[in-house]
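What follows is each chain in one-letter form.
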Amino acid sequence: MPLVKPKKFLGQHFLKDLKIAKDIADTVDVDPNLPVLEVGPGMGVMTQFLLTKDRPLKVVEIDFESVAYLREHYPALEENIIEDDFLKMKLDRLFDGNPFILTGNYPYNISSQIFFKMLEYKNQIPYCTGMIQKEVAERMAAGPGSKTYGILSVLIQAWYKVDYLFTVHENVFNPPPKVKSAVIRMTRNETTDLGCDEKLFKQVVKTTFNQRRKTLRNSIKPILGKESELLALEIMNKRPEQLSVQQFVDLTNLVEKDLEKQKIGAQA
């Protein structure tokens, strides 16, 4: 069977360097006892090294040509190839509902969506490793005060510790992407409850960072309204990139109390 032709609409950039493929595959050794789910295996450049590890392995691939290639070249995978869209999958029954490691050479056009999906199953995914666009990796690992600190940083770091492991040059791919890549590892932290309304937390983070050049006093008005007493607080002089995850939690609690107060006032 001929090699699979990379498809631009799927964001496919096939890794050619076997040493780098092995190095990425070895990131799952952070816990040798957990099963592994690989997203977007393509022609199996990483999969071949994951198969040598003594643990359950499943792969999910949406490209029918890649699925056919995997079936022909990796018959040991036959029962564990999932031909599906990862973003639409229910992950709670994979591996009989047991925890697993998520890994892959992730399609760059949906990498952020993949990690938001991971957050939905954070209690089932203690580790997530793999390769993504360097710029996205830097955003995920950035701390408060950094220009790259943003929505993805806060929402992921609320639940995971992010380690930027190493950079990968564009010339080791077919076709070469226009950007450098990076390998990351995310480790679930000890947080079991944020201590605030999670839905409102996401809304506060997204709303304020969508106008990141403005102070919170101005960027949070779509949630609070122009007359909110909270707008007079000292924290409202800050910009969103200056707030830690915990400060966003505290702000969310303040917002929730204020919205409840406004609701009661409107009913009176």
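Since the model is a prediction, treat every value here as computed from it, not as a measurement. (Residues numbered from 1 in each chain as written. Predicted model: local features only at pLDDT ≥ 70, side-chain atom pairs only at ≥ 80, totals over all residues. Heavy atoms only, no water.)

1. A word on helix α3 (residues 64-73)
Piece 1. What α3 keeps buried is the set Ser 66, Val 67, Tyr 69 and Leu 70. When α3 is viewed along its axis, its buried side chains cluster within an angular range of 160° and face the same direction.
Piece 2. The inward-facing, buried residues of α3 abut β1 (14-15), β3 (57-61) and β4 (81-83). (Buried < 20%, exposed > 50% of the residue type's maximum accessible area, 1.4 Å probe, protein only. Helix = DSSP H or I, 4+ residues; strand = E, 2+ residues; numbered from the N terminus. Arc of directions from axis to C-beta. Contact = heavy atoms within 4.5 Å.)

2. Things to note about the pattern of salt bridges
Piece 1. For the structure on display, the rule yields 13 salt bridges.
Piece 2. Here Lys 53 makes a salt bridge to Asp 26, at a shortest N to O gap of 2.8 Å. Here Lys 53, found in the loop between α2 (47-50) and β3, pairs with Asp 26, found in the loop between α1 (18-25) and β2 (36-39); they are 27 residues apart in sequence, far enough to count as distant.
Piece 3. With a relative accessible area of 15%, Lys 53 lands in the buried category.
Piece 4. Accessibility expressed as a relative area gives 26% for Asp 26, which makes it partly exposed.
Piece 5. Between Lys 122 and Glu 198 there is a salt bridge, with the nearest N and O atoms lying 3.7 Å from each other. One end of the pair, Lys 122, is in the loop between α4 (111-120) and β6 (127-133); the other, Glu 198, is in helix α7 (residues 198-209), and 76 residues separate them in sequence.
Piece 6. Take Lys 122: its relative accessible area is 13%, and that puts it in the buried class.
Piece 7. Linked by salt bridges that have partners in common, Lys 22, Asp 26, Asp 29, Lys 53 and Arg 55 make up one network. (Salt bridge = Lys/Arg side-chain N within 4 Å of Asp/Glu carboxyl O.)

3. What to know about the nonpolar core
Piece 1. If you look at the biggest cluster of nonpolar residues, it comprises 56 residues, and the most contacted ones within it are Leu 102, Phe 115, Met 140, Met 186 and Phe 201.
Piece 2. Apart from the residues lying within four places of it in its own chain, the contact partners of Phe 115 are Tyr 106, Cys 128, Ile 132, Met 140, Ile 156, Ile 184 and Met 186.
Piece 3. Leu 15, Leu 34, Leu 70 and Met 131 belong to the second largest nonpolar core, which has 27 residues in total. (Core = buried A, V, L, I, M, F, W, Y, C linked by side-chain atoms within 4.5 Å.)

4. Details of the packing of α7 against helix α10 (residues 245-267)
Piece 1. Remark: α7 packs on α10, axes separated minimally by 9 Å, with the N-to-C direction vectors making an angle of 105°. With respect to α10, the axis of α7 lies roughly perpendicular. Residues Leu 200, Phe 201, Val 204, Val 205, Thr 208 and Phe 209 of α7 touch α10, and the partners they reach there are Val 245, Phe 248, Val 249, Leu 251, Thr 252, Val 255, Glu 256 and Leu 259.
Piece 2. Residues of the contact of α7 with α10, tallied by class, amount to 11 nonpolar, two polar and one charged. (Axes fitted to C-alpha atoms, helices over the stretch in contact; angles between N-to-C directions. Parallel < 35°, antiparallel > 145°, perpendicular 65-115°, else oblique. Nonpolar A, V, L, I, M, F, W, Y, C, P; charged D, E, K, R; others polar.)

5. Some details on the environment of Asn 105
Piece 1. Within the secondary structure layout, Asn 105 lies in the loop between β5 (101-104) and α4.
Piece 2. Linking Asn 105 and Leu 216, residues 111 residues apart in sequence, is a C-alpha distance of 36 Å.
Piece 3. Asn 105 has contacts with His 13, Leu 15, Val 39, Gly 40, Met 46, Met 131 and Phe 173, leaving out every residue within four places of it along the chain.

6. Considering the side chain of Gln 133
Piece 1. Residue placement: Gln 133 occurs in strand β6.
Piece 2. Here Gln 133 is in contact with Tyr 108, Val 179, Lys 180, Ser 181 and Ala 182, once residues within four sequence places are set aside.

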